[in-house]
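Next come the chains, spelled out residue by residue.
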Amino acid sequence: MIHPILLCGGSGTRLWPLSRKSYPKQFAKLMGDGSLFQASARRLSGDGFAAPLVVTGDPFRFIVTEQLAQVEQAAMGILIEPEGRNTAPAILAAALWIAKTDPGALMLVAPSDHVIPDTDAFATTVQAAVQRAKSGDLVTFGIMPTRPETGYGYLELATGADADANTPQSLARFVEKPDAGRAAKMLAAGNFLWNAGIFLFTAEAIIAAYEAHAPALLTAVTEALNKADPDLGFTRLDPAAWSKADDISVDYAIMEKANNLAVMPFGAGWSDLGGWDAVWMESGPDAQGNVCSDNATAIDCKDTLLRSETDGLQLVGIGLDNIVAIAMGDAVLVADKSKAQRVKEAVDALKAKGSSQAVQLPRDYRPWGWYESLVIGGRFQVKRIVVNPGASLSLQSHHHRSEHWIVVEGTAKIIVDDTVQLISENQSVYIPLGAVHRMENPGKVPMVLIEVQTGSYLGEDDIIRYEDIYARG
């Protein structure tokens, strides 16, 4: 049995404005009907796979459970990182968690934001690496390069190893992201693979590697797990102990030092969607090289990506060549496709200006559903709120605002002080300033309401919670 370890704590700034810190790319619908996280969960499921162990951050814990439920899966466990410390601590925490019950268990560690179209070919490749991993080696997966890519790290095969082999090969070394000239030479040499960041090993083998090459990291992460708190089915790693762990990748901490490495070649297609240029490539451009979303139109364009991520917002490009244009309700990106890797600079510039668009989507996801602001004025705000079936907001009150709720879809159970009532479509209720209130969705379909807030201060921190089924403070 193979235990999938899904890493999904990254911020994905290179795919701004669709991917932001509040809702990074692994949870977005970038390719196909589901999210990249859901595609990863599906790919690492079925015969021979246990339920996944997920390592993520606190803001995403309910997104993880909801998206897994949507694909009819449930996690074996969800480890909550107090803060992002890169892949080395995250993978070690997963290994220690697995080793508590089965030290010899096989772990398949995978980022949750990659695209691997041929699931069957990948499963076959994983099975081909199982015996090598069971023998105690650390198996990394290398992708057959198709171009002189400068955005990936590389794996150099040992002398005599075969990049086309269907069995694990000996690995000479890890190579940092190269410049264009070096990448071209490595592609021509034929003995280099892209580093996919996917690994297969036993829990005891990787823990032994930490003991040998990163003992301080082992001490800190072990303490963080030993002092972890259970919370509504999640496991919260101890913040104080976790803060002692180095912020370091597993490549630097372990893989570049270990002597029991092997690489499993994979040539059936892979992308980490590390930029909009990669999304363009993986989306299958038409005869003119264009990719357009449903709400986008290209006229006399060439090699261009046009995506409108907002219903009702039409994006039209005329006479564009090699351009990326991504439109959302609150932000638009226009860039030369060859400069797509510089999107992070835009995020940094917006942060410096204090723009919320740098990190926050207009749609704010919560454990019970989501909301978005429709209109914001000096002393009022209008929101659309969607509450999932069976979900409930916290019992709360506000110091500075009153609210008016109008149900437009479904039925809401409303509590205002001592009054409990059911409100159906086209009915409304007023929440006075200071009143203790809660809304629930008792139905089987999502409940949608329009909220009109009025008051001197409308910030999200004007909430006093008395009860919360999601254990938020």
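About the cut-offs
- Residues numbered from 1 in each chain as written.
- Predicted model: local features only at pLDDT ≥ 70, side-chain atom pairs only at ≥ 80, totals over all residues.
- Heavy atoms only, no water.
- Pairing = 2+ DSSP bridges.
- Helix = DSSP H or I, 4+ residues; strand = E, 2+ residues; numbered from the N terminus.
- Axes fitted to C-alpha atoms, helices over the stretch in contact; angles between N-to-C directions.
- Parallel < 35°, antiparallel > 145°, perpendicular 65-115°, else oblique.
- Contact = heavy atoms within 4.5 Å.
- Nonpolar A, V, L, I, M, F, W, Y, C, P; charged D, E, K, R; others polar.
- Polar contact = N/O pair within 3.5 Å; in protein donor to acceptor, adjacent residues only side chain to side chain.
- Salt bridge = Lys/Arg side-chain N within 4 Å of Asp/Glu carboxyl O.
- Buried < 20%, exposed > 50% of the residue type's maximum accessible area, 1.4 Å probe, protein only.
- UniProt positions renumbered as here; feature names shortened; annotations may be inferred.
- Left-handed = near helix turned anticlockwise from the far one by under 90°.
- Disulfide = S-S within 2.5 Å.
- Expected span 1.5 Å × (residues − 1).
- Bend = angle between axes of the 7 residues up to and from the residue.
- Domains from an automatic or database assignment.
- Buried area = accessible area lost by both parts, 1.4 Å probe.

A.B. asks: Could you give me a rundown of the sheet that holds strand β14 (residues 305-308), with the residues and numbers involved?
C.D. replies: As summarised here, the arrangement of the four strands in space is β12-β14-β16-β17, forming an open sheet in which the pairing is mixed. Every other strand in the sheet has two partners, leaving β12 (291-292) and β17 (332-336) as the edge strands with one partner each. In terms of strand pairing, β14 meets strand β16 (residues 323-327) through four bridges, oriented parallel. Residue pairing for β16: Leu-305 is matched across the bridge by Val-324.

A.B. asks: Help me get a handle on the packing of helix α6 (residues 203-213) against helix α7 (residues 215-226), residues and values and all.
C.D. replies: Running from N to C, α6 and α7 cross one another at 120°; their axes reach a closest spacing of 5 Å. Comparing the axis directions of α6 and α7 gives the class oblique. For the pair α6 and α7, contact is made by Ile-207, Tyr-210, Glu-211 and His-213 and by Pro-215, Leu-217 and Leu-218, respectively. Looking at the contact of α6 with α7 residue by residue, the classes come out as five nonpolar, one polar and one charged.

A.B. asks: So what's going on with the side chain of Asp-137? Which residues, and what values?
C.D. replies: With respect to the helices, strands and loops of the structure, Asp-137 is situated in the loop between α4 (119-134) and β5 (138-143). Polar side-chain contacts of Asp-137 include one of 2.5 Å to the side chain of Arg-132. Look past the residues within four positions of Asp-137 in its chain and what remains in contact with it is Arg-132, Leu-200, Phe-201 and Asn-260.

A.B. asks: Help me get a handle on the pattern of salt bridges, residues and values and all.
C.D. replies: In the structure shown here, the tally under the stated rule is 21 salt bridges. Across the salt bridge formed by Arg-236 and Asp-58, the nearest N and O atoms sit 2.6 Å from each other. With Arg-236 in strand β10 (residues 234-236) and Asp-58 in the loop between β2 (53-57) and α2 (61-70), this residue pair connects regions lying 178 residues apart in the sequence. Judged by relative accessible area, which is 28%, Asp-58 ranks as partly exposed. Put simply, Arg-438 and Glu-467 hold a salt bridge, and the shortest N to O gap is 3.6 Å. Of this pair, Arg-438 sits in strand β26 (residues 437-440) while Glu-467 is found in strand β28 (residues 464-467), placing the two residues 29 residues apart along the sequence. Glu-467 gets classed as partly exposed once you look at its relative accessible area, which sits at 44%. Residues joined in a network through salt bridges with shared partners are Asp-58, Arg-61, Asp-231 and Arg-236.

A.B. asks: How would you sum up helix α1 (residues 36-43)? Please name residues and give values.
C.D. replies: The buried count for α1 comes to six of eight residues, which makes it a mostly enclosed element. For α1, the complete set of buried residues consists of Leu-36, Phe-37, Gln-38, Ser-40, Ala-41 and Arg-43. Those residues of α1 that are buried are in contact with β1 (2-7), β2, α2, β4 (106-111) and α4.

A.B. asks: Before we move on, could you go through the UniProt feature "domain: Nucleotidyl transferase" (unreviewed entry) in the protein chain and cite the residues and values that matter?
C.D. replies: The UniProt record annotates "domain: Nucleotidyl transferase" (unreviewed entry) at residues 4-282. In the segment residues 4-282, helix accounts for 35% and strand for 22%; the C-alpha atoms at its two ends are 24 Å apart.

A.B. asks: Tell me about the packing of α1 against α2, residues and numbers included.
C.D. replies: One can describe the packing of α1 onto α2 by two numbers: an axis separation of 10 Å at closest approach and a directional angle of 55°. Classified by the interaxial angle, the pair formed by α1 and α2 is oblique. For the pair α1 and α2, the crossing hand works out as right-handed. Residues Phe-37, Gln-38 and Ala-41 of α1 form the contact with α2, whose participating residues are Val-64, Gln-67, Leu-68 and Gln-70. Here the residues of the contact of α1 with α2 sort into four nonpolar, three polar and no charged.

A.B. asks: Break down the state of the cysteines for me, with residues and values.
C.D. replies: Throughout the structure, instances matching the rule amount to zero disulfides. Left without a disulfide partner, Cys-292 is nearest to the cysteine sulfur of Cys-301, which lies 7.2 Å away.

A.B. asks: Residues and numbers for α4, please.
C.D. replies: Helical periodicity: at 3.6 residues per turn, an α-helix aligns residues three or four positions apart in one direction. End to end, α4 covers 22 Å across 16 residues, agreeing with the expected 22 Å (1.5 Å per residue, within 8%). At Ala-128, α4 shows its maximal kink, close to 30°. Burial in α4 covers these residues: Phe-122, Thr-125, Val-126, Ala-129, Val-130 and Ala-133. On the buried face of α4, the contacting elements are β1, α1, β4, β5, β8 (192-202) and β11 (261-266). Just beyond α4, the residue with positive phi is Gly-136, at close to 110°.

A.B. asks: Tell me what's going on with the domain arrangement of the protein chain, and back it up with residues and numbers.
C.D. replies: Buried accessible area, meaning the area lost when the parts come together, often serves as the stated size of an interface. Assigned domains of the protein chain: these are domain 1 (2-266), domain 2 (283-353) and domain 3 (363-467). Inter-centroid distance (C-alpha atoms) of domain 1 to domain 2 is 30 Å. Both sides of the domain 1 and domain 2 interface together cover about 1,100 Å² of buried area, and 64% of this is carbon and sulfur. On the surface where domain 1 and domain 2 come into contact, there are one salt bridge. For the side of domain 1 that touches domain 2, the residue count by class is five nonpolar, one polar and three charged.

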